[in-house]
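Structural overview
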Amino acid sequence: SPMLRCIQTAHALYPDRNYMIVDELSECDFGIFEGRGFEELKSDEQFRKWAQGGMKDAVPEGESGLEFTQRCYEGFAKVAEYAMKTGTQDTVIITHGGVITSILSSLAFPKREFYEYNVQNGCGFTVTTTPQLWMSGSVIELYSQIPLKHADED
């Protein structure tokens, strides 16, 4: 993601690695709701109308869920196709929970709905794909959650 906090995280975790900024992996554009918390928004008539519509329409001056998902797919595709083209075996994407959730819910097997993923700060997922899987339908396989959880943890 082009967001400063993602760039700083990349430098902290991988100081000696090359990285690329993928604009499409930035968080959802929340338009007029950007930077405002639920407590402030719950009394906003535009927010209530948008939420009552299932949050599927575009946020005023922002993007819709479908636009966001398409953008996230395009960003992930850039990374996947670059890795395949260059023979890169392992990549790390440092981005936002909504982006991760969007990518997983639209591309990953086993299939889960968007709200079935719970992406906490500092956490993520390991996925894998092959050129054959990717070229046959942009498929990725969900391998594990990071950090790994032990059987006795929630």
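See the structure above.
Residues numbered from 1 in each chain as written. Predicted model: local features only at pLDDT ≥ 70, side-chain atom pairs only at ≥ 80, totals over all residues. Heavy atoms only, no water.

Structural notes on the state of the cysteines
Taken as a whole and judged by the stated rule, the model has zero disulfides. With no disulfide partner, Cys 6 has as its closest neighbouring cysteine sulfur the one in Cys 72, 12 Å distant. A relative accessible area of 6% means that Cys 6 is categorised as buried. Unpaired in terms of disulfides, Cys 123 finds its nearest cysteine sulfur in Cys 6, a separation of 14 Å. (Disulfide = S-S within 2.5 Å. Buried < 20%, exposed > 50% of the residue type's maximum accessible area, 1.4 Å probe, protein only.)

A short note on the side chain of His 96
As for its placement among the helices and strands, His 96 is situated in the loop between α4 (65–86) and α5 (97–107). Setting aside residues up to four positions removed in sequence, His 96 forms contacts with Ser 1, Met 3, Arg 5, Cys 6, Leu 25, Ser 26 and Glu 27. (Helix = DSSP H or I, 4+ residues; strand = E, 2+ residues; numbered from the N terminus. Contact = heavy atoms within 4.5 Å.)

Digging into helix α3 (residues 45–52)
Backbone nitrogen of Gln 46 and a side-chain oxygen of the N-cap are separated by 2.8 Å at the start of α3; the cap is Asp 44. Gly 54 sits one or two residues past α3 and shows a positive phi near 80 degrees. (Polar contact = N/O pair within 3.5 Å; in protein donor to acceptor, adjacent residues only side chain to side chain.)

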